[in-house]
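A structural walkthrough
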Amino acid sequence: AEGNLDEAAKVFNQSYLRNPETAQGNLELAREAYLQKADQALNQSDFDTAMEAIEQALELIEGQSDESNFQQRSQLNMLRARILTQAGRVNEAIATFQAITNQQPDNQEALVTLASLYAGTGKWDSLQDILPGIAAKPELQDIALYLEGRVALANGRVGTAREAFE
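Residues numbered from 1 in each chain as written. Predicted model: local features only at pLDDT ≥ 70, side-chain atom pairs only at ≥ 80, totals over all residues. Heavy atoms only, no water.

1. Describing the overall build of the chain
- In terms of helices and strands, the chain carries nine helices and zero strands.
- Seen in sequence order, the chain has helices and strands lined up from the N terminus as α-α-α-α-α-α-α-α-α.
- The buried share among the 166 residues of the chain stands at 37%.
- Of all intrachain contacts in the chain linking residues separated by at least 6 positions in sequence, the fraction that spans at least 24 positions is 41%.
- When the accessible surface of the chain is split by element, carbon and sulfur atoms take 47% of a total near 9300 Å². (Helix = DSSP H or I, 4+ residues; strand = E, 2+ residues; numbered from the N terminus. Buried < 20%, exposed > 50% of the residue type's maximum accessible area, 1.4 Å probe, protein only. Contact = heavy atoms within 4.5 Å. Areas by Shrake-Rupley, 256 points an atom, 1.4 Å probe, with all protein chains shown as cover.)

Printed below as a string of structure tokens:
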């Protein structure tokens with residue numbers, strides 16, 4: 001399977017199906033093969049292949065509900081959303097970040113990235129809706145003030161925007 005990441009992942013997955021004792025290790029190796037495939041595709045700006053690899057990695061852990069698989073699923077979905085953003089598929093990225101923040105309201109990276117995408121696409125009402133969640137986190141208050149200023153400026157409230165920026 002050397003050099004062919006799809007084949008390597010298949011071999012690890014088939015091994016998983018045949019030998020439950022080594023299941024977790026083989027799943028991890030298969031997931032790593034798909035992540036490597038995604039990384040190689042991203043290095044070549046091949047977003048479709050990168051997305052395919054992430055989807056394949058997600059399929060490996062589908063239906064498994066332990067905490068480690070939840071974390072892996074979360075990380076893969078974050079990577080998926082970043083790839084969608086890089087590929088210019090912003091609406092799909094927004095939908096993915098919304099799903100992540102709905103499941104993990106304390107995921108600061110997802111929350112701030114979602115806010116940034118809202119601001120970048122002029123979705124000021126959507127940005128306004130998530131600002132309280134950002135402002136409630138002490139370490140994100142400066143970001144919240146900046147975003148509040150952006151919303152105020154976009155809505156023609158120059159005085160409020162100036163106050164937020166100062």
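Still more ground to cover, so stick around.
2. Concerning the packing of helix H6 (residues 108–120) against helix H7 (residues 124–135)
- Packing of H6 against H7 leaves a shortest axis separation of 9 Å and a crossing angle of 155°. Here H6 lies roughly antiparallel to H7, going by the angle between them. The two elements H6 and H7 meet at a crossing, and its hand is left-handed. Mapping the contact onto sequence places Leu111, Leu114, Ala115, Tyr118 and Ala119 in H6 and Trp124, Ser126, Leu127, Ile130, Gly133 and Ile134 in H7. (Axes fitted to C-alpha atoms, helices over the stretch in contact; angles between N-to-C directions. Parallel < 35°, antiparallel > 145°, perpendicular 65-115°, else oblique. Left-handed = near helix turned anticlockwise from the far one by under 90°.)

3. Some details on the side chain of threonine 96
- You can see threonine 96 is positioned in helix H5 (residues 90–103).
- Setting aside chain neighbours within four positions, we find threonine 96 in contact with Asn77, Arg80, Ala81 and Leu84.

4. Examining the nonpolar core
- Grouped together as the largest cluster of nonpolar side chains are 38 residues, with contacts concentrated most on Phe97, Leu127, Ile130 and Ile134.
- If sequence neighbours within four positions are ignored, isoleucine 130 has contacts with Leu111, Leu114, Ala115 and Tyr118. (Core = buried A, V, L, I, M, F, W, Y, C linked by side-chain atoms within 4.5 Å.)

5. Some details on the pattern of salt bridges
- Taken as a whole and judged by the stated rule, the model has seven salt bridges.
- Across the pair glutamate 32 and arginine 31 runs a salt bridge whose closest N-O atoms are separated by 3.4 Å.
- The class of glutamate 32 is partly exposed, set by a relative accessible area of 38%.
- Given the relative accessible area of 8%, arginine 31 is considered buried.
- Put simply, arginine 82 and glutamate 109 hold a salt bridge, and the shortest N to O gap is 2.9 Å. (Salt bridge = Lys/Arg side-chain N within 4 Å of Asp/Glu carboxyl O.)

6. A short note on H6
- The end-to-end C-alpha separation of H6 is 18 Å, in line with the 18 Å expected for 13 residues at 1.5 Å each.
- Among the residues of H6, those classed as buried are Ala110, Leu111, Leu114, Ala115, Leu117, Tyr118 and Ala119.
- The backbone nitrogen of glutamate 109 lies 3.3 Å from a side-chain oxygen of the residue at the head of H6, namely asparagine 107.
- Two residues or fewer after H6 comes glycine 122, characterised by a positive phi angle close to 70°. (Expected span 1.5 Å × (residues − 1). Polar contact = N/O pair within 3.5 Å; in protein donor to acceptor, adjacent residues only side chain to side chain.)

7. Observations regarding the packing of H5 against H6
- In the contact formed by H5 and H6, the axes pass within 9 Å of each other and the chain directions differ by 145°. Viewed along their axes, H5 and H6 form a crossing whose handedness is left-handed. Each of Val90, Ala93, Ile94, Phe97, Gln98, Ile100 and Thr101 in H5 lies in contact with H6, whose residues at this interface are Ala110, Leu111, Thr113, Leu114, Leu117 and Tyr118.
- When the residues that make up the contact of H5 with H6 are grouped by side-chain class, the tally is 10 nonpolar, three polar and no charged. (Nonpolar A, V, L, I, M, F, W, Y, C, P; charged D, E, K, R; others polar.)

Purely geometric numbers; function is a separate question.
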